[in-house]
Amino acid sequence: GAVFFIHRWFRYYKMYQDQYGKNRGSELFLSILSKDLKEIALKYPKINFYIFGQAPEPSEFLVNCSKALEKKNRIASFIGCKTAQNNISEETDLINKAFEKLSEEIHNIHYINRDDVLKKSPNSNYYMLVDKDNHALFYDKGHLTAKGAEYVFTELSQLNKHHE
């Protein structure tokens, strides 16, 4: 079996920083989250736990442009909003590194960088906004469309087969 933890971790990270200060809040959030995930994984060693890092968040303009591209809008085609550059913040990098470290320590925890699922190519710093048929993958900056969810699910299914 498999359990997928997909969340906008950044929101909780910021809440801890606001309450406890930037450095202490960061340490506390990552410590508590790692401890809880580790306890769950150790309690259920036959289940694979997939933890997704912080997601890319395209701008509202790019999301709307990709939706227009799906409708075969000529201006959107001219602008070329099929991909977006992923600018990783310091906070996002810390969250993702904590998950990656946890996956190295516990055999049934698997870290998935969401960028890897949506990347244009393996070493690219760009992620896709539309699929090969120009269907928009993002509904807004924090949510996938039905086609986006289908695309990500297909990719994730392949990952789970690899770990079974």
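Because the structure is predicted, anything quoted here is derived from the model rather than measured. As a convention, each chain's residues are numbered from 1 in the sequence order in which they are written. Two thresholds apply to this predicted model, a pLDDT of at least 70 for residue-level local features and 80 or more for giving and counting side-chain atom pairs, whereas whole-chain, interface and lining totals are computed over all residues. Excluded from the side-chain calculations are hydrogens and water; all other atoms, namely the structure's heavy atoms, are used.

> With reference to specific residues and values, describe the nonpolar core.
Here is a general trend for soluble globular proteins: nonpolar side chains tend to be buried in one another's company. Membership of the largest hydrophobic core comes to 16 residues, with the highest contact counts inside it found for Ile 51, Phe 99 and Ile 109. Elements supplying a minimum of two residues to this core: helix H1 (9-20), helix H2 (22-43), strand S2 (48-52), helix H5 (90-105) and strand S4 (109-112). Between two residues, a contact is recorded if the distance between any of their heavy atoms is within 4.5 Å. Among all residues touching Phe 99, those that are not within four sequence positions of it are Trp 9, Leu 33, Leu 37, Ile 51, Phe 52, Gly 53 and Tyr 111. As used in this record, nonpolar core signifies buried Ala, Val, Leu, Ile, Met, Phe, Trp, Tyr and Cys residues forming a set joined through side-chain atoms within 4.5 Å. Under the scheme applied here, a residue whose accessible area is under 20% of the maximum for its type counts as buried, over 50% as exposed, and between as partly exposed, the area being computed with a 1.4 Å probe on protein chains only. In terms of nonpolar packing, the next biggest core, distinct from the first, is built from 14 residues, Ala 84, Ile 112, Val 117 and Phe 138 among them. For the purposes of this entry, the term helix denotes a DSSP run of H or I that reaches at least four residues, the term strand denotes a run of E that reaches at least two, and both are numbered from the N terminus.

> Give a description of the confidence of the model for the chain that names residues and reports values.
Looking at the chain as a whole, its pLDDT mean stands at 82, while 88% of the residues score no less than 70. Note on scores: pLDDT gives the predictor's confidence for each residue, bounded by 0 and 100. Across the chain, S4 holds the top mean pLDDT of 91, while helix H4 (residues 74-79) sits lowest at 66.

> Break down the side chain of Asn 108 for me, citing the residues and quoting the values.
Take Asn 108: it is sitting in the loop between H5 and S4. Any N or O atom pair separated by 3.5 Å or less is treated as a polar contact, with the protein-specific requirement of one donor-capable and one acceptor-capable atom, and with residues adjacent in sequence counted only for side-chain atom pairs. Here the side chain of Asn 108 touches Ala 41 through a polar contact of 3.0 Å, landing on its backbone oxygen. Not counting residues up to four positions away in its chain, the partners in contact with Asn 108 are Ala 41, Tyr 44, Pro 45, Ile 47, Asn 48 and Phe 49.

> I'd like a description of the packing of aromatic side chains, backed by residues and values.
Note on aromatic contacts: the rings of Phe and Tyr and the six-membered ring of Trp form a pair at centre separations within 6.5 Å, being stacked when their planes are under 30 degrees apart, edge-to-face when over 60 apart, and tilted otherwise. As enumerated under the stated definition, the model contains six aromatic pairs in all. Considering the side-chain rings of Phe 5 and Phe 49, the 6.1 Å spacing of their centres and the 20° angle between planes classify their relative orientation as stacked. Residue Phe 5 is located in strand S1 (residues 2-5), and its partner Phe 49 is located in strand S2; the two are separated by 44 residues in the primary sequence. With a centroid separation of 5.5 Å and an interplanar angle of 55°, the aromatic rings of Tyr 16 and Phe 29 are classed as tilted. Of this pair, Tyr 16 sits in helix H1 while Phe 29 sits in helix H2, and the two are 13 residues apart along the sequence. Here Tyr 16 falls in the partly exposed class, since its relative accessible area comes to 23%.

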